[in-house]
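This is what each chain is made of:
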Amino acid sequence: MSSKEIDIKVVLLGTAMVGKTSLVDRYLHERYLGDTVPYQNTIGGAFGQKTLEVSGKLVRLGIWDTAGSERYASLSRIYYRDAGAAIVCYDLSDKNTLERAKFWIEELKNNESDCRLYLCGTKKDLLQTQHCPQKVQRGDAEALGDNFSAEVFETSSKTGENIKELFLRIAEDYIQLWKKNKTIALSRGELLWGVGVCVGVGECVYLSIWNT
Ligand SMILES: Nc1nc2c(ncn2[C@@H]2O[C@H](COP(=O)(O)OP(=O)(O)O)[C@@H](O)[C@H]2O)c(=O)[nH]1
Ligand SMILES: [Mg+2]
């Protein structure tokens, strides 16, 4: 296995209180603080990272959590610039948050069109433990996701359901793209360094050295 790590920037977006910080906290620290600590609006953005192995490659996820307020959308742009993947969160118990997810999807499409999108319905545990009249139907989220080739995950930071799966998929998709781009680069003959060596009279052997 190559020891060289492949970096991917992942950003979390979505309206305030949908559960972005809890999602990151569950993934990075395998914990859920829930209501044991008072709610804290993330100021600007917070960064954390985790390395995992996918198809024999080490992938380092640099994860940016953002404040989430649409009012500070221009500030969020700083955080999602050059992101390889964005997790747009909505709260599964609150239909309005899916509506507001559209705002972030538009933002990304307009400003960071190469960034791959993932839609994440949070707080899945609530659907099992209480009546949610404003519940988001999976079909509605998938219909939105289909327009942007975005896969939908339904997670719970409280129970941990689907959290690792979400980040693993992001890393897998990125590696797949990385391998594809590498193949394209090689087939285009993007030679990084080459030397010509003359052997005898009139014969020339060209050694091409690829930096892969
Ligand atoms: N039941 C439940 N509550 C959650 C979950 N994730 C977050 N919350 C709660 O939702 C509120 C907002 O969470 P937070 O992660 O700070 O949201 P953010 O503003 O999007 O970063 C907090 O009171 C959390 O305890 C979850 O998976 N299940
Ligand atoms: Mg937060």
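A brief look at the structure comes next.

Cut-offs applied
Residues numbered from 1 in each chain as written. Chains lettered and ligands numbered in written order. Predicted model: local features only at pLDDT ≥ 70, side-chain atom pairs only at ≥ 80, totals over all residues. Helix = DSSP H or I, 4+ residues; strand = E, 2+ residues; numbered from the N terminus. Buried ≥ 20, exposed ≤ 12 C-beta atoms within 10 Å, placed from the backbone. Core = buried A, V, L, I, M, F, W, Y, C linked by C-beta atoms within 7 Å. Contact = placed C-beta atoms within 7 Å. Pairing = 2+ DSSP bridges. Axes fitted to C-alpha atoms, helices over the stretch in contact; angles between N-to-C directions. Arc of directions from axis to C-beta. Near = placed C-beta within 6 Å. Nonpolar A, V, L, I, M, F, W, Y, C, P; charged D, E, K, R; others polar. Right-handed = clockwise from strand over helix to strand, strands pointing away.

Moving on, we come to the overall build of the protein chain. Looking only at helices and strands, one finds six helices and eight strands in the protein chain. Counting from the amino terminus, the protein chain carries its helices and strands in the arrangement β-α-β-β-α-β-α-β-α-α-β-α-β-β. Across the 212 residues that make up the protein chain, the buried fraction comes to 32%.

Attention now goes to the nonpolar core. Counting 41 residues, the largest nonpolar core has V10, V11, A86, V88, Y118 and L119 as its most contacted members. If one sorts the elements of this core by residue count, strand β4 (residues 85-91) sits on top with six residues. Apart from residues lying up to four places away in sequence, V88 is in contact with L13, G14, A101, W104, I105, L117, L119 and C120.

Turning to the sheet that holds strand β3 (residues 57-66), a few remarks are in order. If you walk across this open sheet you meet the six strands as β2-β3-β1-β4-β5-β6, and the pairing is mixed. Strand pairing shows two members of the sheet lacking a second neighbour, β2 (45-54) and β6 (151-154), which therefore form its edges. Geometrically, the sheet is characterised by an average inter-axis angle of 25° between neighbouring strands, direction not taken into account. Two elements, strand β5 (residues 116-122) and β6, share four bridges in a ladder whose sense is parallel.

All buried positions along helix α2 (residues 73-80) are accounted for by S76, Y79 and Y80. Buried residues of α2, viewed axially, fall in a sector of 85°; they line one side. Of the exposed residues in α2, the ones pointing more than 90 degrees away from its buried face are S74 and I78. Looking at the buried side of α2, the elements it contacts are β1 (5-13), β2, β3, β4 and α3 (95-111). Backbone geometry just after α2 places D82 at a positive phi near 65°.

Moving on: the environment of L166. Checked against the element boundaries, L166 lands in helix α6 (residues 163-187). Here the alpha-carbon distance between L166 and F153, two residues 13 residues apart in the chain, equals 6.7 Å. When near neighbours in sequence (up to four residues on either side) are disregarded, L166 contacts Y118, C120, F153 and T155.

Another point: the site of ligand 1. Around ligand 1 sit 19 residues in total, of which G19, K20, T21, S22 and S157 are the nearest. Considering each element in turn, the shell around ligand 1 owes the most residues, three residues, to helix α1 (residues 20-29). In the shell around ligand 1, the residues fall into five nonpolar, nine polar and five charged.

We now examine the pairing of β4. Within β4, seven of the seven residues are buried, which leaves it mostly tucked inside the rest of the structure. Of the two faces of β4, both are covered, the one formed by A85, I87, C89 and D91 as well as the one formed by A86, V88 and Y90. Pairing geometry for β1 and β4, over four bridges, is parallel. Paired with L12 across the bridge in β4 is I87. Inspection of the sheet shows β4 paired to β5 by seven bridges, in the parallel sense. Residue D91 lies in a different strand from β5, and its bridge partner there is T122. Handedness of the β4-α3-β5 crossover: right-handed.

The next thing to look at is the environment of R169. Along the chain, R169 turns up in helix α6. With 16 C-beta atoms packed within 10 Å, R169 lands in the partly exposed category. C-alpha of R169 to C-alpha of V54: the two residues are 115 residues apart in sequence and 9.7 Å apart in space.

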